[in-house]
Amino acid sequence: MPDLLLELFSEEIPARMQAKAADDLRRMVTDKLVAEGLVYEGAKAFATPRRLALTVHGIPARQPDLKTERRGPKMGAPDAAVQGFLKATGLKSLDEAKIQRDPKGDFYIALIEKPGRDAIDVLAEILPVIIRTFPWPKSMRWGARSGKPGSLNWVRPLHAITATFGLETEEPDVVKFAVDGIEAGQTTYGHRFLAPAAINVRRFEDYEAKLLDAKVVLDPERRKDAILTDAKQLAFAQGFDLVEDQNLLDEVAGLVEWPVVLMGSFEEEFLATPAEVIRATIRNNQKCFVVSDAKTGKLANKFILVANI
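Presented here is a report on the structure given in the accompanying data block.

Cut-offs used in this document
Residues numbered from 1 in each chain as written. Predicted model: local features only at pLDDT ≥ 70, side-chain atom pairs only at ≥ 80, totals over all residues. Heavy atoms only, no water. Pairing = 2+ DSSP bridges. Helix = DSSP H or I, 4+ residues; strand = E, 2+ residues; numbered from the N terminus. Axes fitted to C-alpha atoms, helices over the stretch in contact; angles between N-to-C directions. Polar contact = N/O pair within 3.5 Å; in protein donor to acceptor, adjacent residues only side chain to side chain. Contact = heavy atoms within 4.5 Å. Buried < 20%, exposed > 50% of the residue type's maximum accessible area, 1.4 Å probe, protein only. Parallel < 35°, antiparallel > 145°, perpendicular 65-115°, else oblique. Left-handed = near helix turned anticlockwise from the far one by under 90°. Nonpolar A, V, L, I, M, F, W, Y, C, P; charged D, E, K, R; others polar. Phe/Tyr/Trp six-rings, centres within 6.5 Å; stacked < 30°, edge-to-face > 60°. Salt bridge = Lys/Arg side-chain N within 4 Å of Asp/Glu carboxyl O.

A closer look at the sheet that holds strand β15 (residues 289-293)
Step number 1: Judged by pairing direction, the sheet is antiparallel, and its 4 strands sit side by side in the order β13-β15-β16-β14 without closing on themselves. The sheet terminates laterally at β13 (240-242) and β14 (260-265), the two strands that pair on one side only. Along the sheet, successive strands turn relative to each other by an average axial angle of 35°, direction set aside.
Step number 2: In this sheet, β15 lies alongside β13 in antiparallel orientation, the contact comprising 3 bridges. The residue bridging F240 from the neighbouring strand is D293, located in β15.

What follows is the structure, given as structure tokens:
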């Protein structure tokens with residue numbers, strides 16, 4: 001069955017908002033798919049400082065046909081009631097209705113068949129609504145359209161939308177829709193400085209691999225693992241132990257797309273300041289990790305930073 005690739009490419013998304021935004025995107029899209037009768041096999045969302053991405057696999061190519069029964073007026077009801085029933089159900093005459101026996105009387109029943117639509121058409125209808133109603137805690141408007149009624153609110157200026165749908169064995173189709181003049185397509189962009197050129201993508205595996213070549217690690221868990229491993233190794237090589245901080249690790253992984261771990265230092269006389277003050281200052285103001293001497297366990301006049309280049 002076909003898969004969906006969706007990416008919303010923007011200016012920097014605050015690190016504290018990324019995890020929830022990725023989960024909101026996954027939840028909103030999959031809930032709407034299920035409500036439309038398109039039960040999928042799996043979904044996963046990702047966030048970097050400049051993009052939200054979602055892959056949903058195993059989506060049926062078409063909605064199932066729906067067959068419903070609608071109860072109408074009693075036999076012998078006034079003509080106005082009968083005509084209203086025929087108009088509401090699309091029946092040409094009562095000859096097309098069934099009769100349902102009931103202790104309260106015999107009622108007309110209409111059998112209504114609604115053919116399912118292609119999934120790509122359903123996606124083209126629901127995705128713009130999801131983007132426009134996305135629950136950012138803070139959002140903004142920008143550009144020439146910002147003064148017009150109904151202009152898009154987004155956390156930061158939205159620049160591009162990637163949306164493809166198709167089987168793994170075939171060239172996917174673009175889900176055709178536009179939001180505030182931004183048309184969905186197959187184009188995204190790599191790292192802002194190291195690989196800023198446009199990238200043409202097809203499906204998720206292709207998308208993730210091309211982003212990696214363009215110096216973007218899409219999965220935040222991979223960024224966290226890389227930062228933690230490199231930070232520990234760098235500290236160990238210099239005779240120090242990394243003072244681990246999970247909350248800080250979560251935050252700095254949301255500040256970079258291509259994490260590069262470096263070590264800096266500060267004047268040794270500042271070690272006269274209480275260790276917790278130094279650590280809080282470096283953590284909260286510089287978003288850096290502190291290290292301790294491997295032999296004594298005391299705070300060292302070194303710190304580890306995570307750059308995006």
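Next comes the rest of the description.
Some thoughts on the side chain of Q63
Step number 1: By secondary structure assignment, the location of Q63 is in the loop between β3 (51-57) and β4 (66-74).
Step number 2: Reaching out from Q63, the side chain makes a polar contact with the backbone oxygen of E36 at a distance of 2.8 Å.
Step number 3: In this view, Q63 contacts E36, L38, G116, R117 and V122; residues no more than four positions away in its chain are not counted.

Quick word on the environment of R132
Step number 1: Mapped onto the elements, R132 comes out in helix α3 (residues 119-132).
Step number 2: Judged by relative accessible area, which is 39%, R132 ranks as partly exposed.
Step number 3: Residues R132 and E41, 91 residues apart in the sequence, show an inter-C-alpha distance of 26 Å.
Step number 4: The residues touching R132, leaving out its near neighbours within four places in the chain, are G150, S151, L152, V179 and D180.
Step number 5: Among the polar contacts listed, one links the side chain of R132 to the backbone oxygen of G150, at a separation of 2.7 Å.

Some thoughts on the packing of helix α5 (residues 220-237) against helix α6 (residues 246-253)
Step number 1: Viewed as axis vectors pointing N to C, α5 and α6 meet at an angle of 120°, and their least axial separation amounts to 9 Å. Here α6 runs oblique to α5, going by the angle between their axes. The chirality of how α5 crosses α6 is right-handed. Counted together, P220, R223, K224, I227 and L228 of α5 and L249, D250, V252 and A253 of α6 form the full contact between these two elements.
Step number 2: Here the contact of α5 with α6 is built from residues that sort into 6 nonpolar, no polar and 3 charged.

Remarks on unusual backbone geometry
Step number 1: Phi at K215 takes a positive value of approximately 65°, unusual for a residue other than glycine.
Step number 2: Assignment of secondary structure puts K215 in the loop between α4 (204-213) and α5.
Step number 3: Residue classification places K215 among the partly exposed positions, given a relative accessible area of 31%.
Step number 4: Notably, K287 is not glycine yet its phi reads approximately 55°, a positive angle.
Step number 5: With respect to the helices and strands, K287 occurs in the loop between α7 (275-286) and β15.

Here we look at the packing of aromatic side chains
The geometry of an aromatic ring pair is captured by the separation of the ring centres together with the interplanar angle, meaning the angle of the planes.
Step number 1: One pass over the structure, following the stated rule, counts 6 aromatic pairs.
Step number 2: Ring centres of F46 and F204 lie 5.4 Å apart, and the angle between their planes is 15°; on these two criteria the pair is classed as stacked. Taken together, the positions of F46 in strand β2 (residues 42-48) and F204 in helix α4 put the pair 158 residues apart, joining distant regions of the chain.
Step number 3: Assessed through its relative accessible area of 4%, F46 is described here as buried.
Step number 4: Judged by its relative accessible area of 12%, F204 falls in the buried class.
Step number 5: Considering the side-chain rings of F204 and Y207, the 6.2 Å spacing of their centres and the 45° angle between planes classify their relative orientation as tilted. Taken together, the residues span about one helical turn, with F204 and Y207 both in helix α4 at a distance of 3 residues. Exposure class is identical for F204 and Y207. Each is buried.
Step number 6: Of the aromatic side chains, those joined through ring pairs into one cluster are F46, F204 and Y207.

Let's talk about the pattern of salt bridges
Step number 1: Evaluation of the coordinates by the stated rule reveals 21 salt bridges.
Step number 2: With a shortest N-O distance of 2.7 Å, D24 and K20 are connected by a salt bridge. Remark: K20 and D24 occur in helix α1 (residues 15-35); sequence separation between them is 4 residues, near one turn of the helix.
Step number 3: Judged by relative accessible area, D24 falls into the buried class, the value being 5%.
Step number 4: For K20, a relative accessible area of 52% translates into the label exposed.
Step number 5: D102 is paired through a salt bridge with R71; the nearest N and O atoms lie 3.9 Å apart. Here the residue D102 occupies a position in the loop between β5 (98-100) and β6 (107-114), and R71 occupies one in strand β4, the gap between them amounting to 31 residues.
Step number 6: The class of R71 is partly exposed, set by a relative accessible area of 43%.
Step number 7: When salt bridges that share partners are traced, they join E7, R51 and E257 into one network.

That is the geometry; function is a separate question.
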